[in-house]
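Spelled out, the chains give:
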Amino acid sequence: MFMDFLRSLTLFGEKAPPERVQELIEIIEGQADLDAQFNVSDGDHIDRLISCLYMALPFFVRGASNSKFLNYLNKHIIPVFDKLPEERKLDLLKNLAESSPYSAPQDSRQILPSVVQLLKKYMPRRKTGEETNFTYVECLLYTFHHLAYKAPNATNSLCGYKIVTGQPSDRLGEDFSEYYKDFTERLTHVEELARATMKKLTQGMAEHNKAMAAAKSDEAKDNIKTQKQNTTTGLRTCNNILAMTQPLHSKSPSFIGDKRINLSWKEATKPSVPSTAMAAGGKRPASTTNGASNAAAKKGRGAGGLQNQLVNRALEGLSHGGRSGIRGRGRGWGGRGRGRSHW
């Protein structure tokens, strides 16, 4: 609510210069405690970090830097990813995926090795007996593509590709062929799993349609409708995985750096700019609220002075460590409104 209030002001509105947008990111960074040592047992910090990263997404879209968040994730979070609470892993990967298109080349180069290691963990070379979490794979492949698009030759030493940029970091004189074989075998295996899963899901959808026709009660129909929605999401996830793995079989692949892949949890017909109010579990039509606030700001002779006073108070915490005013403790920070998925 606090961030949405600031965004409603002309000072931080859609036409605000980049330095003003960056000020908002610094407020969020302060709340995320990005200067603190991370403790994997501190559930409150994990929740706050994930929610703050989610709240920051609209500002990354507007050109603010996500460097500090990425560096913190790379240094503190990804190395202990396995130790995170299960219900937080998916939210973290989704946030990472959604922020990856806005990463700077240098940040992309630094975090790519960690992302590749995670990707290999959830994309094994052969059948392991463990259930594949396709949403994890979708998130990590999407992140990989966007980071690699910014720093393509970094993948030469990570995946055995042969991408030529003319820079010493190409490392073309070194033999990484085993890495290429390993990575492409993993791609092939996850493709086989995705196709088999799509076949089962398609058969399941036909069964859901039959069940819906035979359902008598509203409760039964609602349950079947939920199952159909989950099946549709699963199909979209697998389709996305196949779309992202196929170009990676080339020794000099073209990485996806645009918006052609619509992530499975995103609405296909709506812009992928989240409202910060959702991070606290609220629902608010941003355009209506912002319009009302802007109209109120223009109304009356003293509006400008009041607006400046409010902004000054809001930003006062920045000069005192950035933690005052909206500290917001407790489990409420984690409410992103996403159900668990095992696709």
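Residues numbered from 1 in each chain as written. Predicted model: local features only at pLDDT ≥ 70, side-chain atom pairs only at ≥ 80, totals over all residues. Heavy atoms only, no water.

As annotated in an unreviewed UniProt entry, the protein chain carries the name Apoptosis inhibitor 5-like protein API5 and comes from Vitis rotundifolia.

### Considerations on the overall build of the protein chain
Counting its regular elements, the protein chain contains twelve helices and zero strands. Walking the protein chain from its N terminus toward its C terminus, one meets helices and strands in the order α-α-α-α-α-α-α-α-α-α-α-α. Considering the protein chain as a whole, with its 343 residues, one finds that 48% of them fall into the buried category. (Helix = DSSP H or I, 4+ residues; strand = E, 2+ residues; numbered from the N terminus. Buried < 20%, exposed > 50% of the residue type's maximum accessible area, 1.4 Å probe, protein only.)

### Section: the environment of Ala 32
For Ala 32, the position within the fold is in helix 2 (residues 18-32). Through-space distance from the C-alpha of Ala 32 to that of Asp 47 is 9.2 Å; in sequence the pair is 15 residues apart. Those residues in contact with Ala 32, other than ones at most four positions away along the chain, are His 45, Leu 49, Cys 52 and Phe 69. (Contact = heavy atoms within 4.5 Å.)

### Quick word on unusual backbone geometry
Unlike most non-glycine residues, Asp 33 shows phi in positive territory, near 60°. The topology assignment puts Asp 33 in the loop between helix 2 and helix 3 (43-61). The phi dihedral of Arg 171 is positive, around 50°, even though this residue is not glycine. Along the chain, Arg 171 turns up in the loop between helix 8 (156-159) and helix 9 (177-214). Judged by relative accessible area, which is 36%, Arg 171 ranks as partly exposed.

### Digging into helix 6 (residues 105-122)
Counting along an α-helix, one turn takes 3.6 residues, and residues three or four places apart therefore face a common direction. For helix 6, built from 18 residues, the straight-helix expectation of 26 Å at 1.5 Å per residue is met to within 8% by its first-to-last C-alpha distance of 25 Å. Its axis deflected by about 40° at Ile 111, helix 6 carries its strongest bend there, up to four residues before the proline Pro 113. Residues Asp 107, Ser 108, Ile 111, Leu 112, Ser 114, Val 115, Val 116, Leu 118, Leu 119, Lys 120 and Tyr 122 constitute the buried set of helix 6. Tucked into the core, helix 6 has its buried residues touching helix 4 (67-77), helix 5 (86-99), helix 7 (134-150), helix 8 and helix 9. (Expected span 1.5 Å × (residues − 1). Bend = angle between axes of the 7 residues up to and from the residue.)

### Some points on the nonpolar core
Counting residues in hydrophobic clusters, the biggest one holds 79 residues, and the most contacted among them are Phe 69, Phe 144, Tyr 161 and Phe 183. Looking at which element gives the most residues to this core, the answer is helix 3, with eleven residues. (Core = buried A, V, L, I, M, F, W, Y, C linked by side-chain atoms within 4.5 Å.)

### Details of the packing of aromatic side chains
Here the structure, examined in full by the defined rule, presents ten aromatic pairs. Between Phe 144 and Phe 255 the ring centres are 5.8 Å apart and the planes differ by 85°, which places this aromatic pair in the edge-to-face class. Of the two residues, Phe 144 is situated in helix 7 and Phe 255 in the loop between helix 10 (218-245) and helix 11 (286-298); the sequence distance between them amounts to 111 residues. Put simply, the rings of Phe 144, Tyr 161, Tyr 180, Phe 183 and Phe 255 pair up and form one aromatic cluster. Its end group placed over the ring of Tyr 179, Lys 120 keeps NZ or CZ at 5.7 Å from the ring centre. Above the plane of the ring of Tyr 122 lies Lys 121, whose end atom (NZ or CZ) is 5.5 Å from the centre. (Phe/Tyr/Trp six-rings, centres within 6.5 Å; stacked < 30°, edge-to-face > 60°. Lys NZ or Arg CZ within 6 Å of the ring centre and 35° of its normal.)

### Overview of the pattern of salt bridges
Applying the stated criterion across every chain yields a total of 16 salt bridges. For Asp 44, the salt bridge goes to Arg 48, with nearest N and O atoms at 2.4 Å. One end of the pair, Asp 44, and the other, Arg 48, are both in helix 3, four residues apart, so they sit about a helical turn from each other. In this pair, the class of Asp 44 matches that of Arg 48, namely buried. (Salt bridge = Lys/Arg side-chain N within 4 Å of Asp/Glu carboxyl O.)

### Comments concerning the environment of Ile 261
With respect to the element layout, Ile 261 can be found in the loop between helix 10 and helix 11. Overall, Ile 261 belongs to the buried group, its relative accessible area being 8%. Sequence separation between Ile 261 and Tyr 142 is 119 residues; the distance between their C-alpha atoms is 8.1 Å. When near neighbours in sequence (up to four residues on either side) are disregarded, Ile 261 contacts Tyr 142, Asn 240, Ala 243, Met 244 and Ile 256.

### A short note on the confidence of the model for the protein chain
When pLDDT is averaged along the protein chain, the result is 81, and 78% of the positions lie at 70 or above. Taken element by element, the predicted model of the protein chain shows its lowest mean pLDDT in helix 11 (40) and its highest in helix 7 (97). Segment residues 275-308 is flagged for pLDDT under 50; beyond a separation of four residues in sequence, or across chains, it makes 39 contacts in the model. Below a pLDDT of 50 lies the segment residues 313-341, which in the model reaches 71 contacts outside its immediate sequence neighbourhood of four places, other chains included. (pLDDT = per-residue confidence, 0-100.)

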